[in-house]
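# Observations on the model geometry
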Amino acid sequence: MRYVEPHAHMVSRTTDDYRAMALSGCAAVCEPAFWAGFDRCSADGFRDYFRQLTETEPARAARFGLPHFAWLCLNPKESEDLGLAEDVLALIPEFLSRPNVLGIGEIGLNKNSRNELRVLERHVQIAVERDRLILVHTPHLEDKLKGTRLILDVLRAHGVKPGRALVDHVEEHTVRLVLDAGHWGGITLYPESKATPARAIDMVERYAAERLWLNSACDWGHSEPLAVPRAALEMRRRGHSAAAVDALVYGNPVRFLSQVPGFRVAEGADLAP
Ligand SMILES: [Zn+2]
């Protein structure tokens with residue numbers, strides 16, 4: 001099996017996790033910028049974080065032959081301090097030109113607040129001006145449907161080409177909205193919330209799967225770095241062909257991410273299994 005892990009917060013994972021992913025057939029790992037578990041209080045903290053995402057993690061991943069790519073932004077949770085947000089936004093362009101940077105993400109909404117929306121729009125502006133891909137986080141539980149609608153409105157209002165934005169953490173009640181708008185959708189596999197492998201494969205069976213990907217979104221919380229290959233096993237157990245599984249866990253993320261010229265997979269992974 002080969003797969004791409006399109007959403008993992010490896011700064012909070014161990015070297016053993018990288019090894020386990022490589023052993024399970026991971027062909028590339030992509031890391032969106034994220035909340036650190038506490039609020040950073042200066043733009044310098046973000047500068048160091050962006051260096052970690054674009055220098056340190058790629059070096060850790062390379063020990064296992066894994067290409068590593070990053071998305072840059074400040075997290076919606078950190079959008080309430082608009083002064084700090086502007087300082088961080090000003091840092092992003094200098095890092096965006098690095099060849100292992102995929103675009104702007106994971107931006108989005110958390111509590112759907114006014115300031116979050118403002119910072120979301122600023123991020124989208126940066127991406128549109130520079131024609132970069134966008135990765136969007138959608139809120140949790142009861143805020144998800146409203147937040148997804150607000151996000152889709154912002155993307156449309158700013159003229160984002162639908163195929164250049166992936167809206168992540170879709171669930172049964174939001175997946176259709178995202179796909180009907182022409183965007184890509186990400187299904188996140190979590191042990192307790194978001195989707196289980198069984199629910200994820202139900203969605204894949206119900207909706208057009210060509211613009212869906214699976215991810216673990218593993219971070220410092222309760223999460224599973226091997227969630228994508230586990231879901232692939234669930235798909236095989238239900239009788240889906242090896243080719244259908246490969247298209248979902250490898251082909252789809254490669255298709256979306258190959259819009260970035262510097263994206264590549266581990267040596268040999270592009271040869272059909
Ligand atoms: Zn994430």
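Quick look at the structure, then. Nothing here was measured: the structure is a model prediction, and the numbers come from that model.

## Section: the overall build of the chain
- When you go through the chain residue by residue, the secondary structure sums to nine helices and eight strands.
- For 273 residues, the compact-globule estimate of 2.2 N^0.38 gives 19 Å, and the C-alpha radius of gyration of the chain, at 17 Å, lies within 12% of that figure.
- The C-alpha extent of the chain, read off along each of the three principal axes, is 50 × 40 × 35 Å.
- The burial tally for the chain puts 47% of its 273 residues in the buried class.

## Some words on the pairing of strand S7 (residues 184-188)
- Most of S7 is tucked away: five of the five residues are buried.
- Residues Trp184, Gly186 and Thr188 point to one face of S7 and Gly185 and Ile187 to the other, with burial holding for every one of them.
- Sheet analysis places strand S6 (residues 165-167) next to S7, joined by two bridges and oriented parallel. Counterpart to Leu166 in the pairing with S7 is Trp184.
- For the crossover that starts at S6, traverses helix H6 (residues 175-180) and ends in the parallel S7, the hand is right-handed.

## Overview of the nonpolar core
- By size, the foremost hydrophobic cluster in this structure holds 80 residues, and its most contacted members are Val29, Trp71, Leu72, Leu102, Ile134, Leu214 and Ala231.
- Per element, the largest residue contribution to this core is seven residues, and it comes from helix H9 (residues 242-257).
- Once you skip the residues sitting within four places of it in the chain, Ala231 turns out to touch Leu189, Pro197, Ala200, Ile201 and Leu214.

## Focus: the sheet that holds strand S1 (residues 3-5)
- Taking strand neighbours across the sheet as the criterion, the eight strands line up as S1-S2-S3-S4-S5-S6-S7-S8 in an open arrangement whose pairing is parallel. The strands lining the two open edges of the sheet, one partner per strand, are S1 and strand S8 (212-215). Taking the axes of each pair of neighbouring strands and ignoring which way they run, one obtains an average angle of 25° across the sheet.
- Two strands pair when backbone bridges link them, and strand S2 (residues 26-32) and strand S3 (residues 68-72) are joined in this way by four bridges, in the parallel orientation. Note on S3: the bridge partner recorded for Pro32 is Trp71.
- Seen against the sheet, helix H4 (residues 114-129) touches strand S4 (101-108) and strand S5 (133-137) and runs at an angle of roughly 160° to S4.

## Here's the deal with the environment of Glu121
- With respect to the helices, strands and loops of the structure, Glu121 is situated in helix H4.
- The class of Glu121 is partly exposed, set by 14 C-beta atoms lying within 10 Å.

Thresholds applied
- Within every chain, residues take consecutive numbers counted from 1 along the sequence as written.
- With pLDDT at 70 or above as the cut-off, local features in this predicted model cover only qualifying residues; side-chain atom pairs require 80 or more to be listed or tallied, and sums for whole chains, interfaces and linings still use all residues.
- Every helix listed is a DSSP run of H or I at least four residues long, and every strand listed is a run of E at least two residues long, numbered separately from the N terminus.
- Here the radius of gyration uses the C-alpha set of atoms, whereas the globule reference equals 2.2 Å times the residue count to the power 0.38.
- Using C-beta atoms placed from the backbone, we call a residue buried if 20 or more other C-beta atoms fall within 10 Å of its own, exposed if 12 or fewer do, and partly exposed for counts in between.
- Here the rule is simple: two strands pair whenever DSSP picks up at least two bridges between them.
- Here is how to tell: hold the view so the strands point away, follow the path from the first strand over the helix to the second, and if it runs clockwise the crossover is right-handed.
- Connectivity within a nonpolar core runs through C-beta atoms within 7 Å, and the core itself is a set of buried Ala, Val, Leu, Ile, Met, Phe, Trp, Tyr and Cys residues.
- Placing a C-beta atom from the backbone of each residue, one calls two residues in contact when those atoms lie within 7 Å.
- Helix axes are fitted only over the stretch in contact, all axes being lines through C-alpha atoms; the angle between N-to-C directions runs from 0 to 180 degrees.

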